[in-house]
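Survey of secondary and tertiary structure
Below, each chain spelled out in residue letters.
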Amino acid sequence: MLSVKLVGYSILFVSSCGALDLSFPPDFKFGAASSSYQVEGAWNVSDKSISVWDKYVHDSPHAISDGSNGDVACDSYNLWQRDIEMAEELGLHFYRFSISWPRLLPNGFTNYISKDGQEYYNNLINGLLSKGIEPVVTIYHWDLPQKLQDLGGWLNPLMTDWFADYAKVVFSLYGDRVKTWITLNEPIAICDAVYSVGLLAPAVHVPDVGTYICNKNTMIAHAKAWRIYDKEFRALYNGEVSLANQVLWYDPLTPDDEDIAEAAREYMGGRYSHPIYSKEGGWPPVIEKMVAEASKKRGYKKSNLPEFSKEEIELVRGTFDFYALNHYTSRLARHAEPGEELHLLGDAPDINGKFLVNPEWTRTASDWFFVNPEGLRRLLVWLKKQYGDIKILITENGYASGAGLEDVERINYYRDYLEQVLVAIKEDGVNVVGYTAWTLMDNFEWMHGYQSKFGLYEVDFDSPMRTRTPRASAIYYKNIIKAHSLIDPNSMSKDEL
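Described in the following lines is the structure provided in the data block. (Residues numbered from 1 in each chain as written. Predicted model: local features only at pLDDT ≥ 70, side-chain atom pairs only at ≥ 80, totals over all residues. Heavy atoms only, no water.)

The number of helices and strands found in the protein is 17 helices and 15 strands. Taking 2.2 N^0.38 as the reference for a compact globule, 497 residues should give roughly 23 Å; the C-alpha atoms of the protein span a radius of gyration of 22 Å, in line with that estimate. Dimensions of the protein, computed from the C-alpha atoms along their principal axes, are close to 65 × 55 × 50 Å. The contacts of the protein with a sequence gap of at least 6 include a subset with a gap of at least 24, amounting to 77%. A total of about 18,900 Å² of accessible surface is found on the protein, and carbon and sulfur atoms cover 52% of it. Here the protein contributes 48 positive and 67 negative side-chain charges, whose respective centroids are spaced 4 Å apart. (Helix = DSSP H or I, 4+ residues; strand = E, 2+ residues; numbered from the N terminus. Rg over C-alpha atoms; globule rule 2.2 N^0.38 Å. Contact = heavy atoms within 4.5 Å. Areas by Shrake-Rupley, 256 points an atom, 1.4 Å probe, with all protein chains shown as cover. Lys, Arg positive; Asp, Glu negative; His and termini not counted. Charge placed at Lys NZ, Arg CZ, Asp CG, Glu CD.)

Have a look at this one:
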């Protein structure tokens, strides 16, 4: 039973869009999300093998802001029934979670399927369905089996087949009940954050070359998995498959910077979208040109961005049923000045782009994350302009805070960003079909450990039972779902909150 008491406060609710109808389309769906390494724990139970994150946090605890790890996390491996209960309390239409590759296939390959791993996800899927909640399943959310990383990981072109084989097992085991699939979560994180800056596990720092090899391999891996589903499972189960891209919005710092802002959108979003969603396929032409020029200046004989063959372009092009969008924040873009130092973490040297933050944007508890609701609307309109009237499912959006149940800032964030979603739908004609709150509960937030809180539910990580308690934002989100409309937080009684 949801129950939160708040000390007196008020939340301003002023629609920036005048007489906008605040109701969502009848078929619009609301969900919440998590990922396996961030919530499951049970890192070494049964026959599960080591993931790249298991190895990284144990070998380099100093790389995590609080020195923590995901060994136990939310203990969702044992507390999955409570997770389902929370989803039911909120009235979610769907719950997005990911499957741990080393839990299901401990060898990384398909020669051995873990019975315990298979049963865990069966229990979770069946439990959700028994409550009328749709499972939305991510096949890969960064926890690569270390055994495959030892063979080169995402820099090995054979990874495209290894991933496709893994995806086929997952489709075979759960496709009769799962109708919405995400192949890869945020390939920009898998590639750029790993190989350009060595920030995320496995933290292999090989800039210039590694990022772009990974970029191409993730596109082909996704495409192979999508085509397996399309050929072997679609007629049986009638599901939908895509991949989830993390895309920031880039506004020009000045009118003269519009070209570099557009290049930034293509560089950070288009590299992982254009090969799949555009009519022509392949790399965004402007990025192909700019990376070739940057590679030449660094002394390389050819572009570091590997070419797609004609066959590869056709393999990847059109491998989607919807656009899965993860979005949190925005940046301002300008041309770099001559001789100005550009950083791989935060700028884009290969397009000569410098990225800044508008001082008027509110900073959250995460150092990379600033609030700019209008950026989401502009991004949705841009995606429609780039790729046509495609169906868009927002697969992650949420707010980073500190501890505490009275999370007024998170309520404001959801209110303001959801309002921009409505504007995009009703005034811009963007086909947004659903929204996913990140995250259902506090979890292991990668480099920020447990210091950055995104959860609708607060988790007591000092409790053996990892007690989950709803925040005020959980009640607010529940009321939005129930009303199927954006609502004024002040319309709810404090007892409800």
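Sheet strands associate in pairs through backbone hydrogen bonding, adopting either a parallel or an antiparallel arrangement. Judged by pairing direction, the barrel is parallel, and its eight strands sit side by side in the order β1-β2-β3-β4-β5-β7-β12-β13 before closing back on the first. Here the strands of the sheet are splayed against their neighbours by 25 degrees on average, with no regard to which way each runs. Across three bridges, strand β1 (residues 29-33) lies against strand β2 (residues 94-98) in parallel orientation. Bridge pairing in β2 places Gly31 opposite Phe94. Each of β1 and β13 (432-438) touches helix α17 (residues 472-483); the most contacted strand, β1, lies at about 155 degrees to it. (Pairing = 2+ DSSP bridges. Axes fitted to C-alpha atoms, helices over the stretch in contact; angles between N-to-C directions.)

Trp53, Trp154, Phe163, Tyr174 and Trp181 are the most contacted members of the largest nonpolar core, which has 154 residues in total. Per-element tally for this core: the top contributor is helix α7 (residues 159-174), with eleven residues. Beyond its immediate chain neighbours, meaning those up to four positions away, Trp53 contacts Tyr37, Ile64, Trp142, Asp143, Leu200, Ala201, Phe444, Trp446 and Met447. Counting seven residues, the second-largest nonpolar core is a separate cluster that includes Val136, Ile182, Ala244 and Ala324. (Core = buried A, V, L, I, M, F, W, Y, C linked by side-chain atoms within 4.5 Å. Buried < 20%, exposed > 50% of the residue type's maximum accessible area, 1.4 Å probe, protein only.)

Here helix α8 (residues 187-196) crosses helix α9 (residues 210-232) at 160 degrees, and the two axes come no closer than 8 Å. Between α8 and α9, the angle falls in the class roughly antiparallel. The way α8 lies across α9 gives a crossing that is right-handed. Contact with α8, carried on its side by Pro187, Ile190, Cys191, Asp192, Tyr195 and Ser196, involves Gly210, Thr211, Cys214, Asn215, Thr218 and Met219 of α9 and no other residues of that element. (Parallel < 35°, antiparallel > 145°, perpendicular 65-115°, else oblique. Left-handed = near helix turned anticlockwise from the far one by under 90°.)

Cis geometry is found at the peptide bond from Ala201 to Pro202, where omega equals 10 degrees. Position of Pro202 among the secondary structure elements: in the loop between α8 and α9. Omega for the bond connecting Trp438 with Thr439 falls within 30 degrees of zero, at 10 degrees, which places this linkage in the cis form. Structurally, the position occupied by Thr439 is in the loop between β13 and β14 (457-459). Here the phi dihedral of Ala203 falls at roughly 55 degrees; this positive angle occurs in a residue that is not glycine. The topology assignment puts Ala203 in the loop between α8 and α9. Judged by its relative accessible area of 25%, Ala203 is partly exposed.

Let's shift gears to the pattern of salt bridges. Applying the stated criterion across every chain, the model contains 33 salt bridges. Across the pair Lys48 and Asp54 runs a salt bridge, and its minimum N-O distance is 2.8 Å. The pair Lys48 / Asp54 is uniform in exposure class, with both members buried. Here Arg317 ties to Glu314 by a salt bridge, and the two come within 2.7 Å at their closest N and O atoms. What makes Arg317 partly exposed here is its relative accessible area of 30%. Residue class for Glu314 comes out partly exposed when judged on its relative accessible area of 42%. A network of salt bridges, in which partner residues are shared, links Arg82, Glu85 and Glu89. (Salt bridge = Lys/Arg side-chain N within 4 Å of Asp/Glu carboxyl O.)

Read across the open sheet, the three strands follow the order β6-β8-β9; overall the sheet is mixed. Looking at which strands have only one partner, the edges of the open sheet turn out to be β6 (249-252) and β9 (353-356). Recorded for the sheet is a direction-independent mean angle of 40 degrees between the axes of neighbouring strands. Two strands pair when backbone bridges link them, and strand β8 (residues 330-335) and β9 are joined in this way by four bridges, in the antiparallel orientation. Residue pairing in the sheet places Arg334 in a bridge with Lys354 of β9. Across the sheet, helix α11 (residues 258-268) lies against β6, β8 and β9, angled at about 170 degrees from β6, the strand it touches most. Across the face of the sheet, helix α15 (residues 373-387) comes into contact with β6 and β8 while running at roughly 100 degrees to β6.

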